[in-house]
Amino acid sequence: MTGSLAARDLSVRYETLHGSVQALRHVDIEAHPGEVIGIVGESGCGKSTLVTALANLLPANARVEGSIVYHGVDLVNLDAHRRRLLRGDEIALVSQDPMTAFNPVLTIGDQLVDFQHHRKDLDRSQKKARIAAMLTRVGISDAEQRMKSYPHELSGGMRQRMAIAAALLTDPGLLIADEPTTALDVTMEAQIIHLLRELRREYNGIIIVVSHHLGVIAELCDRVYVMYAGEVVEGGEVDAIFHDAHHPYTRALLACDPARFPDRLERLPTIPGTLPNLTEPPAGCIYASRCERTLEPCRNVVPPCVKLSACHIARCHGVCG
Amino acid sequence: MTPLLEIEELAVTFARGGLINRLLNPLPLPSFNILDGVTLSVMPGETIGLVGESGSGKTTLARTILGLVRAAAGQIVFEGRDVVTQADFRAMRRKSSMMFQDPVASLSPRLRIGTLLTEPQIIQGRPMPDRRAAAKALLAQVGLPASFVDRFPHELSGGQARRVGVARALAMKPNLLLADEPTAGLDVSVQGDVLNLVGELQREQGFAAMIVTHNLAMIRHVSDRLAIMYLGRLVETGPTQEVFAAPKHPYTATLIRSEPVPDPRQRSYHLAVSGEIPSVFRRPSGCEFHTRCPLVQPRCRLEPPAYRRAGANRMVRCHYPLETCDQEKEDFARASENKGN
Amino acid sequence: MSSVTEAPPSSLGRQRFAPLRALLADPFTGAALILVAGFLITAALAPWLAPYSPTKIDVLHKLQPPSAEHWFGTDHLGRDLLSRIVFGTRTALTIAMVSVVIAGAIGLLLGLIAGYGPRWLDALLVLTFDSLNSLPMIMFALAIITVLGAGTSTLIIVIAATSFPSYARLIRAQTLALKNSDYILAERLLDAGTVRIIFVHLLPNVVGPLIILLSMDIPVVIMVEAGLSFLGLGVRPPTPSWGSILYDGYTSIRSAPFMVIFGGFPLVLATLGFTFLGEGLRDYLDPRLKLRRPA
């Protein structure tokens with residue numbers, strides 16, 4: 001089962017002792033089957049909240065407004081039972097640290113069998129055969145042997161391959177990879193990027209890659225949303241974001257990545273200032289306090305969402321459509 | 001100019017099995033080299049980047065230099081003097097300092113920032129009439145507001161805690177700064193801040209720095225020389241710009257090529273290296289990189305290569321070092337094509 | 001030079017009183033605090049609170065049931081039971097707190113030394129802790145009493161000597177976990193001395209769980225004191241103690257059951273009070289439960 005995903009005017013607040021933290025404000029994103037969507041931003045930008053909202057895993061103190069429509073179903077207003085069904089079969093999550101995704105006292109094989117509990121039509125040996133095929137597909141050579149090992153016996157890269165295999169075993173329509181390579185060394189990172197790229201050829205659902213690493217996003221994604229302090233500030237095709245960015249934050253973020261400069265810089269570029277306090281977000285543009293070209297309305301008026309091309313948008317006063 | 005620090009054939013071994021195992025086994029248990037034959041020198045005022053993946057021994061090397069880990073063999077010479085006994089190390093540590101990977105965890109959690117900043121001077125018995133004023137001066141030096149003296153480490157953000165780490169490391173005006181992953185866990189917009197700060201203070205005070213990292217994109221801009229480690233051995237050293245422009249060791253080349261490029265127009269579809277880093281408990285025979293090397297030759301599997309000179313200021317541990325930039329690209333393209341077929 | 005702007009003024013001023021407020025937020029802990037405070041005040045003000053002298057014998061009015069004159073009645077020697085219980089609070093709390101503090105201090109010091117010191121010393125100390133732990137307490141008490149004679153100070157020595165090993169083991173485990181942490185390594189690189197590392201950097205970070213354990217052990221010690229006094233191995237008559245009141249009540253339980261009831265009541269209350277206080281402290285100090293702090 002595949003279908004489109006669309007979040008409309010999605011806002012998430014966390015009620016805490018120190019007031020309500022507006023972690024996500026008026027987020028609009030959409031994704032279609034066969035696409036790889038990138039969500040990029042620095043810490044505190046709300047990308048983890050967005051992921052947990054999409055995966056229906058928000059904690060109890062979260063208040064959600066707006067809608068997340070997946071395959072014609074609004075996930076926000078779903079009852080608990082159907083939500084659980086959807087989470088198991090339709091939406092799969094690959095997290096940053098695959099060690100925590102597995103139970104340390106069971107073998108990988110046993111856990112992967114359990115992940116298929118919704119497939120009542122298969123018996124244990126058929127499930128095992130599926131696992132072996134899937135492990136081979138994610139590049140694990142001695143699948144039969146590896147199924148007998150425990151999570152701690154595997155290296156980080158191997159565990160991440162296992163986590164991807166586990167996610168794909170449920171035939172999800174939506175695969176969310178949250179910082180899939182952050183815990184890995186650069187040679188393993190390249191291999192996981194390579195693997196995800198190969199998998200998407202045969203996979204026809206939606207892949208959402210969340211990362212703070214611009215290189216990973218550039219290597220993997222078709223479309224990208226740039227987030228800052230709980231808002232999507234710019235979105236568009238990957239080439240437009242990396243070569244024709246309009247929002248000042250996107251430009252500053254790109255300019256900060258030392259990987260973009262082959263020659264030695266005497267000073268590394270930075271973004272001065274700090275994130276706004278999300279318990280009382282500013283009235284105008286969320287980026288106004290750090291922006292290098294603030295205009296008259298930036299401090300008081302919420303910037304409009306300017307449509308720059310068919311799918312390139314930027315939320316800024318200084319941009320014309 | 002004489003080097004500030006010289007390391008010669010340094011080795012760190014680790015014996016597997018505890019006391020009981022050793023008593024029960026009549027044969028001596030095999031020991032494992034975490035570091036082996038590391039030879040490296042650091043000139044006064046220069047910045048050297050120590051690069052490697054996890055398990056390459058780069059953090060162990062930094063800790064061995066400062067005497068936190070005991071070396072099984074080799075020599076450390078600091079400012080022309082052999083460092084052998086604990087007293088030697090203590091003398092050396094007074095002229096060097098270390099920045100830890102996790103800045104919050106390296107600050108004693110129940111002490112205030114002001115106390116932590118002035119502790120080095122107190123320990124070394126330097127007179128300090130006004131501790132608070134001294135702490136505020138140090139905070140100002142790293143661009144933090146004076147009110148931070150009363151904060152606790154957990155009340156700081158990652159970037160702020162790094163700045164406190166810098167202030168603490170440089171409070172004693174060291175000649176050598178060892179920084180272990182100084183940008184780990186920091187956003188790109190903040191990591192530049194910390195590195196610029198260290199760079200500025202380095203220009204002011206003239207200390208040498210050794211930066212331990214796996215972040216190639218960052219180290220390229222802040223180091224003068226690079227030392228690449230693999231499985232506890234140095235495989236290549238040389239001036240940073242030269243190494244990036246024309247790596248000699250295939251491992252260095254694969255590291256550079258593996259780094260994802262933040263430009264969708266330059267996607268690389270050829271996997272530079274496959275397989276995983278072997279464990280130090282099962283070191284491969286011959287050249288240790290042969291299990292993953294795309295340009296492996298029969299000789300590599302049998303004979304360990306020597307660490308030898310390869311051009312001015314450059315050293316490499318490889319039987320068949322890459323000659324030029326172009327050759328490297330061609331060879332890699334051919335190797336990956338062969339694999340694909 | 002780039003600089004970091006100061007974070008918006010957080011509620012630092014309010015946080016001064018936050019610990020107490022957070023501690024009182026739980027009704028059980030609040031009640032326990034009031035109970036413990038009540039016992040402490042009773043012990044401190046015993047001479048003013050008690051209506052009679054606890055040792056004044058009045059055989060003519062022995063074993064009298066509660067009345068307006070003697071609220072809790074009198075014992076087999078005609079002494080006022082309320083006064084004996086009030087003064088018994090003093091005995092119980094003094095013995096319990098002094099022995100727990102002594103045991104805690106010894107345990108803290110030896111635990112830190114075992115955890116941070118060289119391996120051979122650690123092995124030696126752990127052996128000592130385990131040997132002391134394996135001695136049956138009553139036998140140990142009997143041995144000590146035959147040497148030193150029964151009495152308050154003997155009781156404190158017995159209790160402190162038998163309870164410090166478990167505290168030391170706790171501190172040792174905590175210390176071992178912190179021994180190789182980054183900040184201890186950082187201190188070693190600064191050439192901080194062993195004494196400095198142990199007392200300035202390790203002690204504040206290991207002492208939290210010990211305080212909780214000590215608080216939860218106070219009722220245990222009160223029970224032990226009562227038990228030993230009940231056996232005649234503890235506080236010597238005529239000093240009032242909850243244990244000796246219970247013992248006296250036990251011998252005349254048929255004629256005067258109120259003695260056992262009133263004698264046992266404060267013991268139950270003290271046990272509840274200190275136990276809930278300890279649990280409240282644990283919930284408050286346990287870093288895993290510190291969800292209050294904004295990230």
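Residues numbered from 1 in each chain as written. Chains lettered and ligands numbered in written order. Predicted model: local features only at pLDDT ≥ 70, side-chain atom pairs only at ≥ 80, totals over all residues.

### Some thoughts on the overall build of chain C
The condition that has to hold: What counts as a helix is a DSSP run of H or I of at least four residues, what counts as a strand is a run of E of at least two, and both are numbered from the N terminus. Working definition of burial: number of other C-beta atoms within 10 Å of the residue's own, with buried at 20 or more, exposed at 12 or fewer, and partly exposed in between, all C-beta atoms being placed from the backbone. Contacts here follow a simple rule: the backbone-placed C-beta atoms of the two residues must lie within 7 Å.
For chain C, the helix and strand inventory stands at 12 helices and zero strands. Helices (α) and strands (β) of chain C occur, in sequence order from the N terminus, as α-α-α-α-α-α-α-α-α-α-α-α. A buried classification covers 38% of the 295 residues belonging to chain C. Long-range contacts, defined here as pairs at least 24 residues apart, represent 69% of the contacts in chain C between residues at least 6 apart.

### Structural notes on the environment of B:Val42
All names here are of chain B. Following the sequence through the fold, Val42 ends up in strand β2 (residues 31-42). Sequence-wise, Val42 and Gln266 are 224 residues apart; in three dimensions their C-alpha atoms are separated by 36 Å. With near-sequence residues (within four places) excluded, Val42 lies in contact with Pro3, Leu4, Leu5, Ile48, Leu176, Ala208 and Met210.

### Remarks on the domain arrangement of chain B
Often the size quoted for an interface is simply the accessible area lost on bringing the parts together. Residue and element names in this part refer to chain B. The line we're drawing: How far each domain reaches was decided by an automatic or database domain assignment. All residues other than Ala, Val, Leu, Ile, Met, Phe, Trp, Tyr, Cys, Pro, Asp, Glu, Lys and Arg, Gly among them, are scored as polar; the first ten of these are nonpolar and the last four charged.
Per the domain assignment, the segments making up chain B are domain 1 (44-71 + 176-340) and domain 2 (101-173). One C-alpha centre belongs to domain 1, the other to domain 2, and the line joining them spans 32 Å. Opposite the 14 residues of domain 1 that make contact, domain 2 presents 11 residues. Those elements that provide at least two residues to the side of domain 1 that touches domain 2 are β7 (176-180) and α7 (188-205). Here the side of domain 1 that touches domain 2 takes seven residues from α7, the largest share from any one element. Across the side of domain 1 that touches domain 2, the residue classes tally to nine nonpolar, two polar and three charged.

### With respect to the confidence of the model for chain B
Predicted coordinates in regions of low pLDDT should not be interpreted in detail. We count it as follows: By definition, pLDDT measures how confident the predictor is in each residue, and it falls between 0 and 100.
Averaged over all residues, the pLDDT of chain B is 86; the fraction at 70 or higher stands at 90%. Mean pLDDT across the elements of chain B ranges from a minimum in helix α12 (residues 325-340) of chain B, with 59, to a maximum in strand β3 (residues 47-51) of chain B, with 95.

### Structural notes on the sheet that holds strand β2 (residues 19-31) of chain A
Residue and element names in this part refer to chain A. Rules: Two strands pair if DSSP finds at least two bridges between them. Axis geometry follows a simple rule: fit a line to the C-alpha atoms, using only the stretch in contact for helices, then measure angles between N-to-C directions, giving values from 0 to 180 degrees.
In spatial order, the strands read β2-β1-β4-β5; together these four strands make up an open sheet with antiparallel pairing. Each having just a single partner strand, β2 and β5 (73-74) make up the two edges of the open sheet. Relative to β5, strand β4 (residues 62-70) is paired through two bridges, and the arrangement is antiparallel. Looking across to β5, one finds that Tyr70 is bridged to Val73. This element, helix α1 (residues 47-54), spans β1 (5-16), β2 and β4 of the sheet and lies at about 70° to β2.

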